[in-house]
Amino acid sequence: MKTFSESHKTVFVVDHCPYMAESCRQHVEFDMLTKNRTQGIIPLAPISKSLWTCAVEASVEYCRIMYDIFPFKKLVNFIVSDSCSRILNTWSQEDQNLQELMAALASIGPPNPRADPECCSILHGLVAAVESLCKITDYQHESRTMLMENADCVANRGRIICLTNAKSDSHVQMLEDCVSETIHEHNKLAAGSDHLMQIQKCELVLIHTYPVGDDSLVSDRPKKELSSVLTSEVHSVRAGRHLSTKLNHLVQLNFDLASTTITNIPMKPTLSVSDQEEQHANTSANYDVELLHHKDGHIEFIKNGDGNSREATLKETVTLKWCTPRTNSIELHYCTGAFRISPVDVNSRPSSCLTNFLLNGRSVLLEQPRKSGSKVISHMLSSHGGEIFLHVLSSSRSILEDPPSISEGCGGRVTDYRITDFGEFMRENRLMPFLDQRYRIDGTPEVPLDRAKFQLERHTRYWPMIISQTTIFNMQAVVPLASVIVKETLTEEDVLNCQKTIYNLVDMERKNDALPISTAGTRGKGPKRDEQYRIMWNELETLVRAHVNSSEKHQRVMECLQACRSKPPEEEERKKRGRKREDKEDKPVGKDIEHDKKWTESERMKSSIDREKEDLAEAEIIKDSPDSPEPPNKKPHIVVEDITPVEKAKGPMSLLSLWSSRINAANSRKHQEFHGRQNSVNNKAELYQHLKEENGNDPVENGKAGRQ
């Protein structure tokens, strides 16, 4: 379908009823020549515009900006409504200019305040607007001619902007219902006509304007879909400059425009109209000019995230600085786009001076204002054929230069791309010829291209491009898990391999092995070992979590990872018991200062040894969890540790001896001694004494004799 957006046709309906002749109550000083006034002359009183004048000025300013930026394919139809509807121009390109529009408005004249308000209605203009939208424009006719048999594929969309003074919200709803019914009726007529087109989409923008100081009788309402064809939005705006600001904002929204403010424009005042300007008549001053253009002129700011934006008149503007020295038009610059511009305040002297300067064949470079670093020239203003364009200069590598290497791509000076891993990734995801037909679970045939896209999506859910941004993909120990977790389905062996990989990483953390953490661009030695393992575990969890919804076995891998990352509950109880035990123990009391120092050092050594024991116990608990696999060729055996008693040292006792004797004494008071340890010989207890037979023979020896 040949698409014509809503901005292709815009119909302005301006109310010309008697109540529009009311004053907007925003006063304008008419007598500005206060200097050298003759004595006795009374200054002229300030004047105020009518609602009709404010509506006409705002709508004409809307059309001016649209004509400046889109001289073709954006059309406006102007309708005035009072006792009947009067169409001021047509969809023809010859009628699309401000001269024709202003001449037609001048012939209409202001509304008559003494006319009968009962005979006047805005409904006449809304009905005429719907009829106008059904008419075919020259551009739509060309598209229909080119498509010939498929002429119905040309879309017909438009926008109606109505400026009126509504009475209430119910009055606004009545206007919306009228437009909806009119569209429905005219679509029926257009279906059987060769000279009309049905309306596929229409946007109705109702602007209720009222005098300054009065209360609004109509509520604002955002865009709302009234039917499949019609959408409506309501704006309640005070007259005067408030209405001009609203129309200026609407033209940006309707035509995807953006604002750029040129700052620090050097100009010498040549004509002084006030005492303040006369003081600076012989000096240069810097001025700012705001320009409107298509939003693609800020594409570089959107990609780079640069630019200074400020909130001004309901919209955002990007600030660019005038760059000197200026250049001539004969100089060539590498541009990525050129967009027509339109000054926001076209009648101001700074805008006029800038426009005349550019139309004389000069070009101006614009730079991004930065607090530090070198300046970046991003745009250029230049005229072509009597029209001024904003050129977007490329601030990156030019396509006219030699092609960059793979290490100098979109990342700038980044050189540590995972080129080898990317080559392996391409080999694993090669497209193969279609050989056999596969079917889904529901019996429908599976499209090979969809299957290939799904596999590519699974392999790229988490795939860092730069070596310094990843840790797990630089570790050989994670390869078994990383290569298996991307599968669509896992087997029991795959789950077992993933669990083994996780347990190996836990063992590496217990041994405090080093990790391949990149320290490029960081000061010092980089993050500590605990921080390195925290980064590694977070990244591994990100990888597994990206595939956790693939199957139940993927969920099992995630549960194993979370179980190994979380601390076992026994650790907290062990720490609590350790704190209580320390509180119950008596503090050593010495007879002199040296003895107190020895006990202090012994307590420090005790706390450090306890921490080491707790860490070892925690590692053993994780390693011996029920999910861990059995090691191969494991045989049961019994180990009896040799407990060497603390012998009485000759001479003064060492710090270790003092600590060991105190611990043994404290432990002996807390529990009853084990019976086997009391009857042991050289700290070795004889096991399985109850299995001895009555004759005193060992059953193990008898078993050996029987087998022989």
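Quick notes on the rules
Along every chain, residues carry numbers that run from 1 in the direction the sequence is written. The predicted origin of the model limits local features to residues at a pLDDT of at least 70 and limits the giving and counting of side-chain atom pairs to 80 or more, whereas totals for whole chains, interfaces and linings rest on all residues. Hydrogen atoms and water are omitted, and side-chain values are computed over all heavy atoms in the structure. Buried, partly exposed and exposed residues are distinguished by accessible area as a fraction of the type maximum, computed with a 1.4 Å probe on protein chains only: under 20%, between the cut-offs, and over 50%, respectively. Every helix listed is a DSSP run of H or I at least four residues long, and every strand listed is a run of E at least two residues long, numbered separately from the N terminus. At least two DSSP bridges between two strands are required for those strands to pair. Take a side-chain nitrogen of Lys or Arg and a carboxyl oxygen of Asp or Glu: if they are within 4 Å of each other, that pair is a salt bridge. Convention adopted: a line fitted to C-alpha atoms gives each axis, helices being fitted over their contacting stretch, and angles between N-to-C directions are expressed from 0 to 180 degrees. Any angle that is under 35 degrees is reported as roughly parallel, and any over 145 degrees as roughly antiparallel; angles of 65 to 115 degrees are reported as roughly perpendicular and all others as oblique. Note on convention: near helix rotated counterclockwise from far helix by under a right angle means a left-handed crossing. Clockwise means right-handed. Throughout, a residue-residue contact means that at least one pair of heavy atoms, one from each residue, lies within 4.5 Å. Ring geometry is summarised as follows: Phe, Tyr and Trp rings, the Trp one being its six-membered ring, pair when their centres sit within 6.5 Å, and such pairs are stacked at plane angles under 30 degrees, edge-to-face over 60 and tilted between the two. Consider the ring centre and the ring normal. A charge sits over the ring if Lys NZ or Arg CZ is within 6 Å of that centre and within 35 degrees of that normal. For the purposes of this section, nonpolar cores are sets of buried Ala, Val, Leu, Ile, Met, Phe, Trp, Tyr and Cys residues that join through side-chain atoms within 4.5 Å.

Right, let's get into the pairing of strand β4 (residues 75–81). Taken across its seven residues, β4 has seven buried, putting it largely inside the fold. Pairing of strand β1 (residues 9–15) with β4 involves seven bridges; the strand directions are parallel. By the bridge assignment, Val11 is partnered in β4 with Asn77. With three bridges joining them, β4 and strand β5 (residues 85–87) adopt antiparallel strand pairing. Its bridge partner being in β5, Ile79 is matched across the sheet by Ile87. Taking the residues that link successive antiparallel strands as the turn, the β4-β5 hairpin has three residues.

Time to look at the pattern of salt bridges. What the rule picks out here adds up to 20 salt bridges. Taking the shortest distance from any N to any O, the salt bridge between Lys487 and Asp494 comes out at 3.6 Å. For Lys487, a relative accessible area of 35% gives the class partly exposed. A relative accessible area of 10% means that Asp494 is categorised as buried. Where Asp507 meets Lys511, a salt bridge forms, and the shortest distance between an N and an O atom there is 3.2 Å. Here the residue Asp507 and the residue Lys511 both occupy positions in helix α13 (residues 492–511), the gap between them amounting to four residues, near one helical turn.

Between helix α1 (residues 51–69) and helix α2 (residues 98–108), whose axes approach to 11 Å, the crossing angle comes to 165°. With respect to α2, the axis of α1 lies roughly antiparallel. For α1 against α2, the interelement crossing comes out right-handed. In this structure, α1 uses Trp52, Val56, Val60, Cys63, Arg64 and Tyr67 to contact α2, whose residues at the interface are Leu98, Leu101, Met102, Leu105 and Ile108.

Quick look at the packing of aromatic side chains now. Applying the stated rule across the entire model yields nine aromatic pairs. Centre to centre, the rings of Phe422 and Trp463 are 6.0 Å apart; their planes meet at 70°, and the pair counts as edge-to-face. In this pair, Phe422 is assigned in helix α10 (residues 419–428) and Trp463 in the loop between α11 (448–459) and α12 (479–484), connecting sequence segments 41 residues apart. Note on Phe422: relative accessible area 35%, which makes it partly exposed. Grouped by ring-pair contacts, the aromatic residues Phe12, Tyr62, Phe70, Phe78 and Phe255 constitute a single cluster. Across from the ring centre of Trp463, 4.2 Å away, lies the NZ or CZ of Arg418, which sits over that ring. Residue placement shows Arg418 over the ring face of Phe473; its charged tip is 4.5 Å from the ring centre.

What follows is about the packing of α13 against helix α14 (residues 529–545). Running from N to C, α13 and α14 cross one another at 170°; their axes reach a closest spacing of 12 Å. Judged by the angle between their axes, α13 and α14 are roughly antiparallel. Where α13 abuts α14, its residues Ile502, Leu505, Val506, Met508 and Glu509 lie against Tyr533, Met536, Trp537 and Leu540.

Let's shift gears to the nonpolar core. Soluble, globular proteins show a tendency: their nonpolar side chains are buried together. Core analysis: the largest hydrophobic core is formed by 39 residues, its most contacted members being Phe12, Tyr62, Leu105, Leu163, Ile207, Leu243 and Leu247. Elements that contribute at least two residues to this core include exactly β1, α1, β4, α2, β6 (157–164), β7 (201–210) and α6 (241–254). Examining the composition of this core, we find that 13 residues originate from one element, α1, more than from any other. With residues near it in sequence (within four places) discarded, Ile207 still touches Ile161, Cys162, Leu163, Thr164, His235, Val237, Leu243, Leu247 and Leu250. Core analysis: the next-biggest nonpolar cluster, separate from the first, contains 31 residues, Ala129, Ala166, Leu204 and Leu230 among them.

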